[in-house]
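# Inside the fold
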Amino acid sequence: MRSILGQHWVPSLKKHEPYTEPKWHGDEVRRLAGHRPACPDCGSDQDFGPRHHSRPDGSERHYRACKACGFWHEADGSPAYRVWLALTIARSLSARPNWWPRARHAGSV
Ligand SMILES: [Zn+2]
């Protein structure tokens, strides 16, 4: 586990101001006007910008994301996070089928 989650290849996020709905709408207006903002975390402008997704309940989820570094920031004031880290953890757990069930059931038998 230590080598998978080692600090040497899990870059920590920089400090980011809370991202909010008004900021998202401002970013979306600029995106529609043709602006290509740079990611506030890695500086790449390859595939960064405001994004939206329809939820099953009909509402819309607003966030900004960078597909170069995995920087993800919901427009609800919550802290930014790195997406591929979660994917890496899930993959590491499924790669250890014996380890996870034993730990989970320890003491319950
Ligand atoms: Zn980035």
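Residues numbered from 1 in each chain as written. Predicted model: local features only at pLDDT ≥ 70, side-chain atom pairs only at ≥ 80, totals over all residues.

This brings us to the overall build of the chain. Along the chain, the regular secondary structure elements total three helices and four strands. Walking the chain from its N terminus toward its C terminus, one meets helices and strands in the order α-β-β-β-β-α-α. Per-residue burial over the chain gives 16% buried out of 109 residues. In the chain, 42% of the contacts between residues at least 6 apart in sequence involve partners at least 24 apart. (Helix = DSSP H or I, 4+ residues; strand = E, 2+ residues; numbered from the N terminus. Buried ≥ 20, exposed ≤ 12 C-beta atoms within 10 Å, placed from the backbone. Contact = placed C-beta atoms within 7 Å.)

As a further point, take the sheet that holds strand S4 (residues 81-82). In spatial order, the strands read S1-S2-S3-S4; together these four strands make up an open sheet with antiparallel pairing. The open sheet terminates on both sides in strands that have one partner only, identified here as strand S1 (48-54) and S4. Note: strand S3 (residues 71-74) against S4, two bridges, orientation antiparallel. Residue pairing for S4: Phe-71 is matched across the bridge by Arg-82. (Pairing = 2+ DSSP bridges.)

Grouped together as the largest cluster of nonpolar side chains are seven residues: Cys-39, Phe-48, Cys-66, Cys-69, Phe-71, Trp-72 and Ala-80. If sequence neighbours within four positions are ignored, Phe-48 has contacts with Pro-37, Ala-38, Cys-39, Cys-66 and Ala-68. (Core = buried A, V, L, I, M, F, W, Y, C linked by C-beta atoms within 7 Å.)

Along the chain, Thr-20 falls in the segment before helix H1 (21-32). Looking at Thr-20, the number of C-beta atoms within 10 Å reads 14, which means it is partly exposed. For the pair formed by Thr-20 and His-73, sequence separation is 53 residues and the distance between their alpha carbons is 9.3 Å. Dropping the residues within four chain positions of it, Thr-20 is found in contact with Ala-75 and Gly-77.

Okay, the pairing of S1 next. As paired elements, S1 and strand S2 (residues 60-66) share seven bridges and run antiparallel to each other. The residue bridging His-52 from the neighbouring strand is His-62, located in S2. Counting the residues in the hairpin turn of S1 and S2 gives five residues, including Gly-58, whose phi is positive at 95°.

This part covers H1. A turn of α-helix holds 3.6 residues, and therefore any two residues three or four places apart point the same way. Between the first and last C-alpha of H1 there are 16 Å, a value that for 12 residues agrees with the 16 Å anticipated at 1.5 Å per step. Once H1 ends, the next one or two residues include Gly-34, with phi positive near 100°. (Expected span 1.5 Å × (residues − 1).)

With 66% of its residues at a pLDDT of 70 or more, the chain has an overall mean of 79. Mean pLDDT values for the elements of the chain range from 45 in helix H3 (residues 99-105) up to 96 in H1. Below pLDDT 50 for its whole length, residues 1-8 participates in three contacts with residues either more than four positions away or in separate chains. Low pLDDT, under 50, characterises residues 96-109; the predicted model gives this stretch one contact beyond four residues in sequence or across chains. (pLDDT = per-residue confidence, 0-100.)

On to the environment of His-25. For His-25, the position within the fold is in helix H1. Between the alpha carbons of His-25 and Ala-75 there is a distance of 9.5 Å; along the sequence they are 50 residues apart.

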